[in-house]
Every structure is written in C-alpha cells, then in structure tokens.
Amino acid sequence: MDTGKELLFFFSALGAFNGIILAIYFFFFTKKKYLTNYFLGTLLFALSIRIAKSVFVYFHPELPKLYLQLGLTACFFIGPCLYYFLKSAVDEVTVLPKSWKLTLLFWGILIAVVGIVYPYKTYPELWGTYFIRTIYFQWFVYILFSAFTIRNILKKIINIKEKTTPAEMWFGMLFLANFLLFLFYFLAIMGARAAVYIGGAVVFSFILYLIISILLYRKRTDDLFLLYGQKASGKKMEESEAALLLEKLQNKMIEKSLYKNANLSLQDLSKELNVTPHQLSQFLNNNLGKNFTSYINELRINEACIIIRSNDKLTLESVGYDVGFNSKSTFFAVFKKHTGTTPLNYQIQALQA
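Residues numbered from 1 in each chain as written. Predicted model: local features only at pLDDT ≥ 70, side-chain atom pairs only at ≥ 80, totals over all residues. Heavy atoms only, no water.

A. Layout of the overall build of the protein chain. Check the secondary structure of the protein chain and you find 17 helices and 0 strands. Within the protein chain, the fraction of its 353 residues that count as buried is 46%. At a minimum sequence separation of 6, the contacts of the protein chain that also span at least 24 residues come to 71%. Accessible surface, the protein chain as shown: approximately 18,900 Å² in total, 64% of it carbon and sulfur. (Helix = DSSP H or I, 4+ residues; strand = E, 2+ residues; numbered from the N terminus. Buried < 20%, exposed > 50% of the residue type's maximum accessible area, 1.4 Å probe, protein only. Contact = heavy atoms within 4.5 Å. Areas by Shrake-Rupley, 256 points an atom, 1.4 Å probe, with all protein chains shown as cover.)

B. Structural detail: unusual backbone geometry. For S257, which is not a glycine, the phi torsion comes out positive at approximately 50 degrees. Along the chain, the position of S257 falls in the loop between α11 (239-256) and α12 (266-273). On the basis of relative accessible area, S257 is assigned to the partly exposed category, the value being 22%. Here N274, not a glycine, exhibits a phi torsion of approximately 60 degrees, which is positive. Note on N274: relative accessible area 69%, which makes it exposed.

C. Inspection of the pattern of salt bridges at higher detail. If you walk through the whole model with that rule in mind, you get 6 salt bridges. As a salt-bridge pair, R151 and D268 come within 3.1 Å of each other at their nearest N and O atoms. Residue R151 is found in helix α6 (residues 151-158), and its partner D268 is found in helix α12; the two are separated by 117 residues along the sequence. Between K290 and E298 there is a salt bridge whose closest N-O contact spans 2.9 Å. (Salt bridge = Lys/Arg side-chain N within 4 Å of Asp/Glu carboxyl O.)

D. Layout of the environment of L246. Position of L246 among the secondary structure elements: in helix α11. Here the alpha-carbon distance between L246 and L273, two residues 27 residues apart in the chain, equals 10.0 Å. With near-sequence residues (within four places) excluded, L246 lies in contact with F283 and L288.

E. Inspection of the packing of aromatic side chains at higher detail. Counting across every chain of the model gives 23 aromatic pairs. Residues Y136 and F182 carry aromatic rings whose centres are separated by 6.1 Å and whose planes lie at 40 degrees to one another, so their mutual orientation is tilted. Here Y136 is found in helix α5 (residues 124-149), whereas its partner F182 is found in helix α7 (residues 166-189), with 46 residues between them in sequence. Among the residues examined, Y136 registers a relative accessible area of 5% and is labelled buried. With relative accessibility at 4%, the residue F182 sits in the buried group. Clustering of aromatic rings is evident, with ring pairs tying together F39, F76, Y83, Y84, W100, F106, W107, Y142 and F145. A cation over an aromatic ring shows up here: R151 above the ring of F148, its NZ or CZ 4.0 Å from the ring centre. Here R300 stacks its cationic end above the ring of F325, 5.5 Å away from the centre of that ring. (Phe/Tyr/Trp six-rings, centres within 6.5 Å; stacked < 30°, edge-to-face > 60°. Lys NZ or Arg CZ within 6 Å of the ring centre and 35° of its normal.)

F. Quick peek at a nonpolar patch on the surface. On the surface, L102, L105, I109, V113, I116, V117, Y118 and Y123 cluster together into a nonpolar patch covering about 760 Å² of accessible area. Mapped onto the elements of the fold, L102 is located in helix α4 (residues 98-117). (Patch = residues over 30% accessible without salt bridge, like charges linked within 9 Å, V, L, I, M, F, W, Y side chains within 5 Å.)

G. Up close: the side chain of T149. Within the secondary structure, T149 sits in helix α5. Within the structure, T149 has its side chain in polar contact with the backbone oxygen of F145 (distance 2.9 Å). (Polar contact = N/O pair within 3.5 Å; in protein donor to acceptor, adjacent residues only side chain to side chain.)

H. Main features of helix α16 (residues 328-339). Relative to the 16 Å expected for 12 residues at 1.5 Å per residue, α16 spans 16 Å between its end C-alpha atoms, a close match to the ideal helical length. By the burial criterion, the buried members of α16 are F331, V334 and F335. What you see down the axis of α16 is that its buried residues fit within an arc of 105 degrees, all on one side. Looking at the buried residues of α16, the elements they touch are α14 (292-310), α15 (316-322) and α17 (343-352). Following α16 by one or two positions, G340 has its phi on the positive side, about 85 degrees. (Expected span 1.5 Å × (residues − 1). Arc of directions from axis to C-beta.)

Here it is in structure tokens:
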C-alpha cells in the first residue's frame with residue numbers, strides 16, 4: 001500500500017477499535033446505568049464489527065470469508081439497537097421489556113441458524129445477493145421506525161428557530177449519523193459512482209471522534225442519556241400548577257381513554273395537554289412518583305380489573321389488548337406487578353366474591 005492508503009487504513013481501523021472501547025465504556029464504566037447506555041454500547045459494538053470487516057476486507061481481500069459473514073451478522077443488529085436506543089429514551093423505558101428481549105432473541109437465532117446452515121464460505125453468491133439485501137432492508141426499516149420515534153426532535157433540529165436541548169441534539173445527531181452511514185454503504189453496494197465502499201468506515205471514524213470529543217468536552221454527561229432530564233433536578237412543580245396539570249391529565253384520560261392506545265408516547269400525551277414532554281415527565285416523576293410507563297400501565301391495569309370483574313365472557317388475552325397492551329405476556333407481567341396476582345387468579349377471586 002502507498003502512504004495514502006496506509007493512512008486511510010490506519011485511520012479507519014483505529015476508528016473501529018476505538019468504537020469497541022467506547023462500547024465497553026457505555027456498558028461498564030458510566031456512573032449511572034440507563035437502558036439507553038446499554039443500547040448505545042451495543043449499537044457501537046455492532047457498528048465497530050461491521051466497520052472492521054469493511055476495513056480489513058477492503059485492504060486485504062485475501063482474508064477468510066468468515067470476516068465477511070461476521071461483519072454482515074453484526075450489521076443485522078445495528079437497526080434494532082438504534083431503534084431501541086431511541087425508543088428507550090423517548091418513552092423513558094428503564095427496564096428491558098419482554099417484547100424487546102424476544103425480538104432481539106429472534107434476530108439472534110435467525111442469523112445464527114442462517115450462518116450455520118448457509119456459511120458464507122460455501123454460499124458466497126447467496127450472501128452477496130439475497131442475504132445482504134435482506135440485511136440492508138431490515139436496517140432501513142428500523143431507520144424508518146427510529147425516525148418516527150424521534151420525529152419531533154428531528155423537526156426541532158431542522159427548524160433552527162426552535163431551541164433544542166443538549167440531549168435532543170445528541171439523540172438527533174446520533175440518528176442522523178447512523179442514517180448517513182447506512183446511506184454510504186447502501187450507495188456503495190448499489191454501485192453508485194460517487195460512493196466508495198471504504199467511505200462508510202471513514203464516516204464512522206469521524207462520527208466516533210465527534211462522540212468522544214463531546215464526552216471529553218462536557219463536564220457532565222448524564223443529561224445526554226436522559227432525554228428530558230427530569231430525574232436530575234428532583235424539583236417539584238408548584239402546587240397550583242401541579243393541580244391544574246393533574247386535572248387536565250385525568251380529564252383527558254377519562255374523555256379519550258388515551259391509555260388504551262398501545263403506541264401512546266410521552267410526546268403524544270404532552271401534545272394533548274399542551275405542555276412540553278419535559279414538563280410532563282417532570283410532573284409524573286417528581287409530583288406523582290412514577291415515570292410515564294408506570295403511570296400508563298397503572299391506568300390500563302385498573303381498567304382491566306374493572307372489565308374482568310364485570311364481564312367473565314371475555315378472554316384474559318382480549319382484555320389485555322382492549323386496555324392497551326400489545327402482547328399477552330406483557331399484560332400478564334404488568335398485571336401481576338401491580339396487583340400481586342395473575343389475571344386468572346384475579347378472575348377466579350372476582351367470580352367467587
């Protein structure tokens with residue numbers, strides 16, 4: 001390799017290595033453990049493996065095909081991790097939901113089975129056509145999900161007249177960086193003239209060093225992982241303001257039964273109340289002592305209890321869907337957490353009463 005290529009190889013490879021180190025930092029060494037930390041760490045790790053494959057195969061194409069399979073396998077987790085990273089921040093998810101675990105397990109088992117049954121070494125054409133298209137399609141779908149999740153943040157970033165918080169800018173830039181990275185790889189694979197395959201690795205390295213610079217520059221980084229930053233302040237609203245917001249909240253819940261919407265988010269509810277997501281989140285946490293997810297689930301379980309007591313002809317699964325849960329397992333788990341018993345035992349007790 002000439003000097004230019006050697007520098008490009010060194011810069012790109014170093015970016016992949018530093019990405020793995022940064023992923024380990026988010027996993028084990030951040031002072032406060034948020035779910036967003038873990039998903040960001042996993043996202044960076046998957047990206048780093050994908051980038052490392054690109055770098056070594058581009059400069060050393062004679063390497064074993066196993067490197068290509070590992071890189072594409074890691075690529076299969078980039079989209080889900082990006083989506084759950086943003087979703088956990090927007091909806092203030094603090095405990096990994098069972099549905100997320102099952103989804104990640106499904107993707108893991110699927111790619112493992114495919115890799116064992118159809119190894120890249122034996123089926124290079126299959127991986128180079130159908131599998132790679134499937135992987136990039138899955139990545140693109142999750143990018144669309146992610147964009148929808150932070151649509152309000154992206155609108156604020158695009159509209160320069162609106163002021164964004166450091167956390168909003170942080171999450172928005174991480175999404176846009178991932179989208180840009182996907183775009184580089186996709187255009188290169190499609191054979192676009194202006195796109196260079198190694199360009200993705202270079203873009204990733206720049207993004208990574210930007211992340212490191214932000215973390216080193218900021219004395220305090222906790223506010224970057226809490227999108228609405230409510231837990232840091234611990235400051236309650238004034239009684240009159242809190243009472244007014246509580247009344248509006250309860251009226252909306254009674255009038256529209258918003259909690260029955262399985263896709264209801266903190267941002268959606270704050271729009272209904274004409275307050276900012278930060279104000280609503282602060283009110284729920286500091287005045288009511290619960291986060292958004294706990295508050296909504298409590299309303300759903302209360303409604304479920306009423307239905308179970310009044311109608312024994314409905315199945316318990318249908319009750320869960322009626323009150324806003326999107327899976328039977330989630331409904332049963334949350335029901336037991338809030339009532340101390342299972343829906344079936346509650347139904348039996350209600351019939352005996």
